[in-house]
Amino acid sequence: QVQLVESGGGLVQAGGSLRLSCAASGSTFSTTAMGWYRQGPGKQRELVTTITSGGSTNYADSVKGRFAISRDTAKNTVYLQMNSLKPEDTAVYYCYAVVGPLLSHYWGHGTQVTVSS
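Residues numbered from 1 in each chain as written. Predicted model: local features only at pLDDT ≥ 70, side-chain atom pairs only at ≥ 80, totals over all residues. Heavy atoms only, no water.

## Side note on the state of the cysteines
For clarity, the cut-off: Two cysteine sulfurs form what is called a disulfide whenever their separation falls within 2.5 Å. Helix and strand assignments come from DSSP, with helices taken as H or I runs of at least 4 residues and strands as E runs of at least 2, each series counted from the N terminus. Think of it in three bands: residues with accessible area under 20% of the maximum for their type are buried, residues over 50% are exposed, and the middle band is partly exposed, with areas taken using a 1.4 Å probe on protein chains only.
Evaluation of the coordinates by the stated rule reveals one disulfide. Linked covalently through their sulfurs, Cys 22 and Cys 95 form a disulfide whose S-S length is 2.0 Å. Handedness here is read from the sign of the S-S torsion; for Cys 22 and Cys 95, about -80 degrees, the answer is left-handed. With a gap of 73 residues between them, Cys 22 in strand 3 (residues 18–26) and Cys 95 in strand 9 (residues 91–99) connect regions that are remote in the sequence. The exposure class assigned to Cys 95 is buried, which follows from its relative accessible area of 0%.

## Things to note about the environment of Leu 80
Put simply, the test is: We call two residues in contact whenever any of their non-hydrogen atoms come within 4.5 Å of each other.
Among the secondary structure elements, Leu 80 is positioned in strand 8 (residues 77–82). The residues contacting Leu 80, other than those within four sequence positions of it, are Leu 18, Arg 19, Leu 20, Trp 36, Thr 49, Phe 67, Ala 68, Ile 69 and Tyr 93.

## A few points about the sheet that holds strand 7 (residues 67–72)
Heads up, the condition is: Strand pairing is defined by DSSP finding a minimum of two bridges between the two strands. Note on method: axes are straight lines fitted to C-alpha atoms, helices fitted across the in-contact stretch only, with angles between N-to-C directions ranging 0 to 180 degrees.
If you trace the four strands from one edge of the open sheet to the other, you get 1-3-8-7, paired in antiparallel fashion. In the strand order of this sheet, the two ends are held by strand 1 (2–7) and strand 7, each with one partner. Averaged over all pairs of adjacent strands, the angle between strand axes in this sheet comes to 20 degrees, irrespective of strand direction. Summarising the sheet, strand 7 and strand 8 pair through six bridges and their orientation is antiparallel. When the bridges of strand 8 are listed, Ala 68 appears paired with Gln 81.

## Details of the layout of surface pockets
Unfilled space is identified by rolling a water-sized probe across the atoms. What counts is decided by this rule: Using a grid of 1 Å spacing that covers the protein atoms alone, one calls a set of points a cavity when a 1.4 Å probe fits there but cannot get out, and a pocket when the set is open and has protein on both sides within 12 Å along at least five of seven lines; lining residues are those with an atom within 4 Å of a point. Grid points are joined across faces, edges and corners, and a volume is the space filled by probe spheres set on the points. Amino acid classes used here: Ala, Val, Leu, Ile, Met, Phe, Trp, Tyr, Cys and Pro are nonpolar; Asp, Glu, Lys and Arg are charged; the rest, including Gly, are polar.
In this structure, the largest pocket spans a volume of roughly 250 Å³. Around the largest pocket sit 16 residues that line it, and Thr 31, Met 34, Arg 71, Thr 73 and Asn 76 are the ones nearest its centre. Only strand 4 (31–39), strand 5 (46–52), strand 7 and strand 8 provide two or more residues apiece to the lining of the largest pocket. Examining the composition of the lining of the largest pocket, we find that four residues originate from one element, strand 4, more than from any other. Among the residues making up the lining of the largest pocket, the classes are represented as six nonpolar, eight polar and two charged.

Okay, here's the thing in structure tokens:
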């Protein structure tokens, strides 16, 4: 089992920045990838960004050049630096992890990000 705890959400004005953190605990030794999804009001959950165990990253087109994912392997933590935030970035942001040979998915409870215009 893997537990994921997000932090760092909040209210920010358009153009501002926030940094989200996701701390993983439990059976994290075979983590294949971690990343972030988000779900805005009235929208489907969408993949924002992923970082693999090898350090490869990918991003949704809507956040490229503004968001950056990073990780601290020693702390089993991933970060999402969000810059130049827009009102359309308003969403609950969920951390996820893919673990083990069966590629089991684990989710955090989410953290709210609200961007005011």
